[in-house]
Amino acid sequence: MGIARCWQSAGVPPASPSFIYFNHFAHFRFSPSISASDLLRLSSRRLVWATKAQSLTTMATEQDDCVGTVKGQIAKLFEVSLKVTVPNEPDVEPLVAACNGKFGDYQCNNAMGLWSKIKGKGAPFRGPPAVGEAIKNNLPTSEMIESCSVAGPGFVNVVLSKDWMAKSIQKMLIEGIDKWAPLPPVKTAVVDFSSPNIAKEMHVGHLRSTIIGDTLARMLEFSKVKVLRRNHVGDWGTQFGMLIEFLFEKFPNFEDATETAIGDLQAFYKASKQRFDADPAFKERAQQAVVRLQGGEDKYRRAWAQICEISRNEFHKVYQRLGVHLEEKGESFYNPYIPGVIETLTKQGLVEESQGARVIFIEGVNIPLIVVKSDGGFNYASTDLSALWYRLNEEKAEWIIYVTDVGQQQHFDMFFKAAKRAGWLPHGDSSYPRASHVGFGLVLGEDGKRFRTRNTEVVRLVDLLDEAKSRSKAALIERGKGEEWTEEEIESTAEAVGYGAVKYADLKNNRLTNYTFNFDQMLNDKGNTAVYLLYAHARICSIIRRSGKDIEELKNKGTLVLGHKDERDLGLHLLQFAEVVEEACTNLLPNVLCDYLYNLSEIFSKFYSNPECKVIGSDMETSRLLLCEATAVVMRKCFNLLGITPIYKI
Ligand code: ARG
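None of the values given here were measured: they were computed from a predicted structure. (Residues numbered from 1 in each chain as written. Predicted model: local features only at pLDDT ≥ 70, side-chain atom pairs only at ≥ 80, totals over all residues. Heavy atoms only, no water.)

**Student:** How would you summarise the site of the ligand if you had to cite specific residues and measurements?
**Tutor:** Residues in close proximity to the ligand include Asp192, Ser195, Asn197, His206, His232, Tyr380, Asp384, Tyr402, Thr404, Gln408 and Phe412, which together make up its full environment. Within the side chain of His206, a nitrogen or oxygen atom sits 2.8 Å from an oxygen atom of the ligand. The side chain of Asp384 places a nitrogen or oxygen atom 2.7 Å from a nitrogen atom of the ligand. Listing elements by their share of the shell around the ligand, those giving two or more residues are helix 15 (380-393) and strand 11 (399-405). Of the residues in the shell around the ligand, the class split is 3 nonpolar, 6 polar and 2 charged. (Near = heavy atom within 4 Å. Polar contact = N/O pair within 3.5 Å; in protein donor to acceptor, adjacent residues only side chain to side chain. Helix = DSSP H or I, 4+ residues; strand = E, 2+ residues; numbered from the N terminus. Nonpolar A, V, L, I, M, F, W, Y, C, P; charged D, E, K, R; others polar.)

Here it is, written out as structure tokens:
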């Protein structure tokens, strides 16, 4: 996976109004090749650019002065330097990356690329190292930077100022971590996730979609994006004919058919399918039922609504346990929009006849996208095209994210391409409005096969979650918490740990890989598990409690300093939180945030177990308690973004 471009440079201007550049003027070391008036011109051009982009970029001022990522702030300084260094190359994007190496914390890697662009054009440099040197010299002074050096073929290394780092962390403690939110280039996004099918099984694939989608939504929400959390349930389609007929047959007063009466809707589905396959007369009635339902006949609509409601209650039990919030707009919602959308696409010349069906041909794919079946009915693709149209035009979403298993990749690929052909989406993949498919691999059982329960029936998700909870409860009892804690504390901790373990085990892997579901592994209190991390957080909280100090008071009255190397390492990692969230969001990879969280707990342990960094009772107690608190705050934000409830004592 290549390095993601940061949001501040991803084809959208940085979220800083131009006055920042004016502020820097006082510090410029002017290079002879550029005049002050040039700089003013550059700067006012930036102003126009910023205004034009206002619709896409939420400006820093509107974000009540969110500072953005450290990487972004460093990149802005380099952007200024590059404009001065190579004034004839106006649109060079600063290439800045965290390097956490022995030469510095961040590195600017523009010199080599720039050299190959400018050499032979009369530029006053003799090679990449000289370009690097000039980039370094033209860097505006900033309180962020302690020192700067050029290494090898022109890498410009930046060492952050310890004072600035300490101040920034303390500021975050006082003002809250929301000030560290990254600034994405969109205001509204749709996350289409979970999306099970009515009356069919909600399987572990839907569990993955629910967990991954919720995290992505949370990360975007933290970044101040308005997120429409869409449950695109499969609530339309021919299967409803047979379900409705079967309902009428089993329950002549069908309105009495409640969840308890039907019992298991999946079993009901199976039985109706058997009936459908075995009895031609029933099949005929079922097909008629579809027509009557789609024609809007009242009795059929009510029966349909009844079946959906029973399913919905079942899904809700899973969402409730997971603490996931979704807004249902099922396939049926978009049905009225389909004819209009197909007509528009037809008028644009995109829809063609093929073997009785109406299809859209996609370049590079040998099968076409069917949008009207040969029987005249609509399908998954026509619904998805209409939903995309609705999301772009009615809901004004700028980023639409779909979370399903990788098996559906081709479907998404094809209909995104169709939308590009129609001009709904731009051609480049990183410009907005943008549609992204977030695919994920299978959940495997310990036998390496698709996850099933012992009796090879499908896994009931509610049972799975209940088991995680009861196992973590048993572990707490075993640790003697039964005597120490109230029943309520046991219950809430068992829930936090049990559900947290299921979520984390899923999220920590790159989503594209298959992952093995294993209770023993995920509930282990050692290694990269939620249990380990939740306990690590609780331990930090207990350090603070044991100090007997009022941490709120220390935040304002005390001073955080990063004197020891282990303190500085921890501080740097804390400061990189926002850019990790940004990366996880840009690449839609929650495991990036999990890695960060796990590393944070490791770096904290290194600091805390170092006798030179003694916390309680040392001269540096106040500062170190603040560092403990900052670690706990960032850990909690990570948990929050991963949908995990933190625990405060163990
Ligand atoms: N209901 C589908 C399934 O269970 C997932 C829907 C995903 N969302 C979408 N807009 N196609 O496979």
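**Student:** Run through the sheet that holds strand 4 (residues 155-160), naming residues and quoting values.
**Tutor:** Pairing is antiparallel in the open sheet, where 4 strands are placed in the order 1-2-4-3. Each having just a single partner strand, strand 1 (96-98) and strand 3 (145-151) make up the two edges of the open sheet. Ignoring strand direction, the axes of neighbouring strands in this sheet form an average angle of 25°. (Pairing = 2+ DSSP bridges. Axes fitted to C-alpha atoms, helices over the stretch in contact; angles between N-to-C directions.)

**Student:** Outline the packing of aromatic side chains, listing residues and values.
**Tutor:** Within this structure, the stated rule accounts for 25 aromatic pairs. Relative to Tyr596, the ring of Phe577 has its centre 5.9 Å away and its plane inclined at 50°; by these criteria the two rings are tilted. On the criterion of sequence distance, the pair formed by Phe577 in helix 24 (residues 577-586) and Tyr596 in helix 25 (residues 590-609) is long-range, its members being 19 residues apart. On the accessibility criterion, Phe577 (0% relative accessible area) is buried. Among the residues examined, Tyr596 registers a relative accessible area of 3% and is labelled buried. Through a chain of ring-to-ring contacts, the aromatic side chains of Phe333, Tyr334, Tyr337, Trp389 and Tyr390 assemble into a single cluster. Positioned over the ring face of Phe333 is Lys329, at 4.6 Å from the centre of the ring. (Phe/Tyr/Trp six-rings, centres within 6.5 Å; stacked < 30°, edge-to-face > 60°. Buried < 20%, exposed > 50% of the residue type's maximum accessible area, 1.4 Å probe, protein only. Lys NZ or Arg CZ within 6 Å of the ring centre and 35° of its normal.)

In short, geometric facts, not functional conclusions.
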